[in-house]
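Observations on chain architecture
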Amino acid sequence: MDILQPLLLLHYPFTFLFIAFLVLYQVKPAFRYFCKMTFYKLWLFTLSIVVIIVSIPHGRNVENIKFFRMSLLPLKYIFGVKIVVKGKENLRTKKPHVFVLNHQTSLDIMVMMEILPNRCVPIAKKEILYMGPFGLACWLSGIIFIDRKKKEESITTLMEVAHSLHKENIHVLIFPEGTRNHGGSMLPFKRGAFQLAVKAQVPIIPVVISSYCNFYSQKEKRFTPGKSIIQILPEVETLGLGLDDVPKLTEQVRDSMLTAYQEISGMTNGASH
C-alpha cells in the first residue's frame, strides 16, 4: 500500500501540486515571502478594478480615495500585521495640511491607509500612472503625479497644488525622501513638500512609520506576522515663513521624524524578540 500512495498522487496532479505548495509554504520562508508579495500585488491590481468601477460615476475626484482606502484595509488582517497608531489627536483638524511620511517599501500603501484622512491627495511618481488598473484607480482617486526627472515641471505642479489647498479644502501627502529606503534610517529630505507648505501657508504634520524589520525584509526574503507603529507628530506651523526658511524647516522636520523613527522602531524590534 505504501508503494501505491505516490502512484495514486500521480493520478490526481492538482492534489499533488496543492500538497507540494503547502509543504513548500510551511518549510521555505523565501517561498512564503514570494507567495505573500505576489498575493499583495494581485490584491492591489484586482481591487483597483473594483475602485475604478465605483469611481467612474464620480469622475476624477478626491472623494474616491475612500474607495481605495476601504479596498486596502483588509490586508493587515490577511497578513497578520498589527498596526498601532500613536498621536491620533494630532489628526483632529479639518483645515488643509501637508502630511510628510517616511518611505520604506510598497507595504507603505497598506500601512498608511490606517491614518489617511478624507480629502487627502497623495503625490506619487508619474510611473505609477502607467501601472494598468492600479494607475487608473490612482488617477480617478485624484492622486497627483509628478515626473521626478523634470524638476521644473514638478515644482510647477506643486505650486499649482499649493493654490488648490485652500480653494478645494484638501490635504496633501508626500514622501519627502523621494524614493524607497531599505536602510533602516531616513534618506535626506527633498524640499518640495516644505516649499508647498510654505507657499500655501499651511501646517505640516509629520507621520512616522516604524521599521518593518520585525516582520519584513526584502533582502532576507522574509514576511511574517508582526507589528507596525505609526507615530503622528504635532503639526509644524509655517505661517509667516518664506522660501528662505525652507532649508531649516526641512531639517527640523527630518530631525524630529528620525528621532521618532528610532524610538518606535526600537519598540517593535524589542517586541519581536
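Residues numbered from 1 in each chain as written. Predicted model: local features only at pLDDT ≥ 70, side-chain atom pairs only at ≥ 80, totals over all residues. Heavy atoms only, no water.

Along its length, the protein chain carries 10 helices and nine strands. Projected onto its principal axes, the C-alpha coordinates of the protein chain cover approximately 85 × 45 × 35 Å. Counting across all 273 residues of the protein chain, residues that qualify as buried make up 45%. Looking at the protein chain as shown, the accessible area adds up to about 14,600 Å², and 62% of this sits on carbon and sulfur atoms. Between the averaged position of the 32 positive side-chain charges in the protein chain and that of its 20 negative side-chain charges there is a distance of 6 Å. (Helix = DSSP H or I, 4+ residues; strand = E, 2+ residues; numbered from the N terminus. Buried < 20%, exposed > 50% of the residue type's maximum accessible area, 1.4 Å probe, protein only. Areas by Shrake-Rupley, 256 points an atom, 1.4 Å probe, with all protein chains shown as cover. Lys, Arg positive; Asp, Glu negative; His and termini not counted. Charge placed at Lys NZ, Arg CZ, Asp CG, Glu CD.)

For the rest of this paragraph, the subject is the packing of aromatic side chains. Applying the stated criterion across every chain yields a total of 11 aromatic pairs. With a centroid separation of 6.1 Å and an interplanar angle of 90°, the aromatic rings of Phe39 and Phe79 are classed as edge-to-face. Here Phe39 is found in helix H3 (residues 29–55), whereas its partner Phe79 is found in helix H5 (residues 75–79), with 40 residues between them in sequence. One aromatic cluster is present, built from ring pairs that chain together Tyr33, Phe39, Tyr40, Trp43, Phe79, Tyr212, Phe215, Tyr216 and Phe223. (Phe/Tyr/Trp six-rings, centres within 6.5 Å; stacked < 30°, edge-to-face > 60°.)

This model, assessed by the stated rule, comprises four salt bridges. Two residues, Lys76 and Glu114, come together in a salt bridge whose shortest N-O distance is 2.9 Å. With Lys76 in helix H5 and Glu114 in the loop between helix H6 (108–112) and strand S3 (120–125), the pair connects residues that are 38 residues apart, well separated along the chain. Of the residues examined, Lys76 reaches a relative accessible area of 13% and is grouped as buried. Overall, the relative accessible area of 21% leaves Glu114 in the partly exposed class. A salt bridge links Glu235 to Lys95; its shortest N-O distance comes to 3.9 Å. Here Glu235 is found in the loop between strand S9 (226–232) and helix H10 (246–271), whereas its partner Lys95 is found in the loop between strand S1 (81–86) and strand S2 (98–101), with 140 residues between them in sequence. Look at Glu235 and you get partly exposed, because its relative accessible area is 34%. (Salt bridge = Lys/Arg side-chain N within 4 Å of Asp/Glu carboxyl O.)

Here we come to a nonpolar patch on the surface. On the surface, a nonpolar cluster with roughly 330 Å² of combined accessible area is contributed by Ile49, Val50, Ile53 and Val54. Looking at the secondary structure, you find Val54 in helix H3. (Patch = residues over 30% accessible without salt bridge, like charges linked within 9 Å, V, L, I, M, F, W, Y side chains within 5 Å.)

Looking at the largest pocket, its volume works out to about 1,300 Å³. Around the largest pocket, the lining comprises 48 residues; the ones closest to its centre are His103, Ala124, Lys125, Arg148 and Gly178. Counting only elements with at least two residues in the lining of the largest pocket, the list comes to H3, helix H4 (65–72), H6, S3, helix H7 (132–140), helix H8 (151–168), strand S5 (171–174) and helix H9 (192–200). Broken down by element, the residue count for the lining of the largest pocket peaks at eight residues, all from H3. (1 Å grid on protein atoms, 1.4 Å probe; cavity = no way out; pocket = protein on both sides within 12 Å on 5 of 7 lines; lining within 4 Å. Points joined across faces, edges and corners; volume = space filled by probe spheres on them.)

Moving on to H3. For H3, with 27 residues, the first-to-last C-alpha span of 38 Å sits near the 39 Å given by 1.5 Å per residue. Those residues of H3 lying buried are Arg32, Tyr33, Cys35, Lys36, Met37, Tyr40, Trp43, Leu44, Ser48, Val51, Ile52 and Ser55. (Expected span 1.5 Å × (residues − 1).)

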